[in-house]
Amino acid sequence: MSKIAVLIPCYNEEQTVEKVIKDFRKELPEADIYVYDNNSKDRTAEIAINNGAILKHEYKQGKGNVVRSMFHDVDADIYIMVDGDDTYPAEFVHQLIKPVEDGQADMCIGDRLSNGTYQKENKRLFHEFGNNLVRKSINILFKTNLKDIMTGYRVFNKKFVKNMPVMTPKFEIETEMSLYALDKGFVIKEIPIDYRDRPEGSVSKLNTISDGMKVVKTIIKMYKNYKPLKFFTYIAIIIFLLGLLVGMPVIVEFFKTNYITKVPSAILATGLVILAVIVGQCGVILDTVVKINKENYQLNLLKYEQMERLIKNNNKE
């Protein structure tokens, strides 16, 4: 039987964490339920203990830091990550677990957007716009068709959890998970779920503008890290066109008079063209580095799988 862990990152969720724990215990009585308290100033930790959850603390602020600790600390076969704000119904957990347990997916995503409940329930301005912007950007980047990139309701297998280096410290973590899975070839499956907004009195920790900017920065950074050839080629083309724009009058003047009077423009145009070539070369070099890193990652992943099989065989004996 698979060992299941429910991971609940929390920051000031005293109004909802009890219900989340009880709902998941009802659906998964055999699971270990972990509440990771991230410096809450209310009774979140006390309520978690009183309801039988395994309480852990992460003192570095930010959801990404919490997820890093959860993935590092907890040992299980199936990992369920869900927010502590009671926006994700526990009854969908069985549908999310099944593809992972059957080996059909490495990460199963609770898709809030496909059935329209997020659009109906979400009352925070621009959040749907931000979700759509991120989703479309990533789908274009990786030529995929994911429906919900930023959902906080996910199920993972052990291979995904123990091999993902969590880099982002804050709320961009869901975006990073999706990008990481796509880039490294992990299998993703989406299951439509219902979404409900926070109960009255429960306050979201997200800031529409600042967290939206962080997500956009994450996309740009991931684009640079995962697709450097395209990223730097586009920049090189823009710089080259600027150089061409500045240098065109100089070229026209030279062909007409066999002389150049616009010396500053000629120097600037030459500099821009040289810069474009250098930027393009950076893209080629970094693309080679990324490919080598992917090869090394796959070799390390193979070693991990072999080690896991060896451990399981030893345990059976």
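Provided above is the structure to which this section pertains.
Along each chain, residues carry numbers from 1 onward, in the same order as the chain's sequence is written. Totals for whole chains, interfaces and linings use every residue, but because this is a predicted model, local features are given only for residues with pLDDT of at least 70 and side-chain atom pairs only at 80 or more, for both listing and counting. Note that the side-chain values use all heavy atoms of the structure and ignore hydrogens as well as water.

K.L.:
Where do I start with the nonpolar core in this structure?
P.N.:
One recurring pattern in soluble globular proteins is that nonpolar side chains are buried together. The definition of a nonpolar core used throughout is a set of buried Ala, Val, Leu, Ile, Met, Phe, Trp, Tyr and Cys residues joined through side-chain atoms within 4.5 Å. In this scheme, a residue with accessible area under 20% of its type's maximum is buried, one over 50% is exposed, and one in between is partly exposed, where area comes from a 1.4 Å probe on protein chains only. Phe71, Phe156 and Met177 are the most contacted members of the largest nonpolar core, which totals 45 residues. Those residues in contact with phenylalanine 156 that sit more than four places away from it in its chain are Phe71, Asp77, Ile78, Tyr79, Met81, Val100, Asp106, Met107, Val161 and Met177. Counting 33 residues, the second largest nonpolar core, distinct from the first, contains Ile4, Val6, Ala53 and Tyr153. By the convention used here, residues are in contact when the closest approach between their heavy atoms is within 4.5 Å.

K.L.:
Quick question: what am I supposed to make of helix H8 (residues 173-184) here?
P.N.:
Residues three or four positions apart in an α-helix share a direction because the helix packs 3.6 residues into each turn. Only DSSP runs of H or I covering at least 4 residues are called helices, and only runs of E covering at least 2 are called strands; the numbering of each starts at the N terminus. In this scheme, a helix's expected span is set at 1.5 Å multiplied by one less than its residue total. Taking 1.5 Å of rise per residue, the 12 residues of H8 would be expected to cover 16 Å, and the 16 Å separating its terminal C-alpha atoms lies within 8% of that figure. Here H8 lies mainly inside the structure; 11 of its 12 residues are buried. Among the residues of H8, those classed as buried are Ile173, Glu174, Thr175, Glu176, Met177, Ser178, Leu179, Tyr180, Ala181, Asp183 and Lys184. Among the residues trailing H8, glycine 185 stands out with phi positive, at a value near 80°.

K.L.:
Whenever I open this one, the packing of aromatic side chains confuses me. Can you help?
P.N.:
The description of an aromatic ring pair rests on the distance of the ring centres and on the angle between the ring planes. We call Phe, Tyr and Trp rings a pair once their centres come within 6.5 Å, taking the six-membered ring for Trp, and we label the pair stacked below 30 degrees between planes, edge-to-face above 60, and tilted otherwise. All told, the structure shown has 12 aromatic pairs when counted by the stated rule. Following the ring pairs from residue to residue traces out a cluster consisting of Phe71, Phe156, Phe160, Tyr180, Phe186 and Tyr297. Counting as a charge over the ring demands two things of the Lys NZ or Arg CZ atom: a distance within 6 Å of the ring centre and an angle within 35 degrees of the ring normal. Taking the ring centre of tyrosine 195 as reference, the NZ or CZ of arginine 112 above it sits at 5.9 Å. For the cation-ring pair, lysine 184 lies above tyrosine 297, with the distance from its terminal atom to the ring centre recorded as 5.4 Å.

K.L.:
Which parts of the structure should I look at to understand the pattern of salt bridges?
P.N.:
Salt bridge, as applied in this entry: a Lys or Arg side-chain nitrogen positioned within 4 Å of an Asp or Glu carboxyl oxygen. Within the structure shown, the criterion is met by 17 salt bridges. Residue glutamate 46 pairs with arginine 43 through a salt bridge whose shortest N-O separation is 3.3 Å. The partly exposed category is assigned to glutamate 46, whose relative accessible area is 41%. The partner of lysine 63 in a salt bridge is glutamate 174, with the nearest N and O atoms 2.4 Å apart. Taken together, the residues lysine 63 in helix H3 (residues 63-73) and glutamate 174 in helix H8 connect sequence positions 111 residues apart. Look at the salt bridges and you will find they share partners, linking Lys19, Asp23, Asp86 and Arg196 into a network.

K.L.:
What is the right way to look at unusual backbone geometry in this model?
P.N.:
Leave glycine aside and you will find that most residues have negative phi; peptide bonds, for their part, are mostly trans. We note that aspartate 86 has phi near 65°; this positive angle belongs to a residue other than glycine. With respect to the helices and strands, aspartate 86 occurs in the loop between strand E4 (78-81) and helix H4 (93-101). For aspartate 86, a relative accessible area of 10% translates into the label buried. Even without being a glycine, lysine 143 presents a positive backbone phi close to 55°. With respect to the element layout, lysine 143 can be found in the loop between helix H6 (127-142) and strand E6 (154-157).

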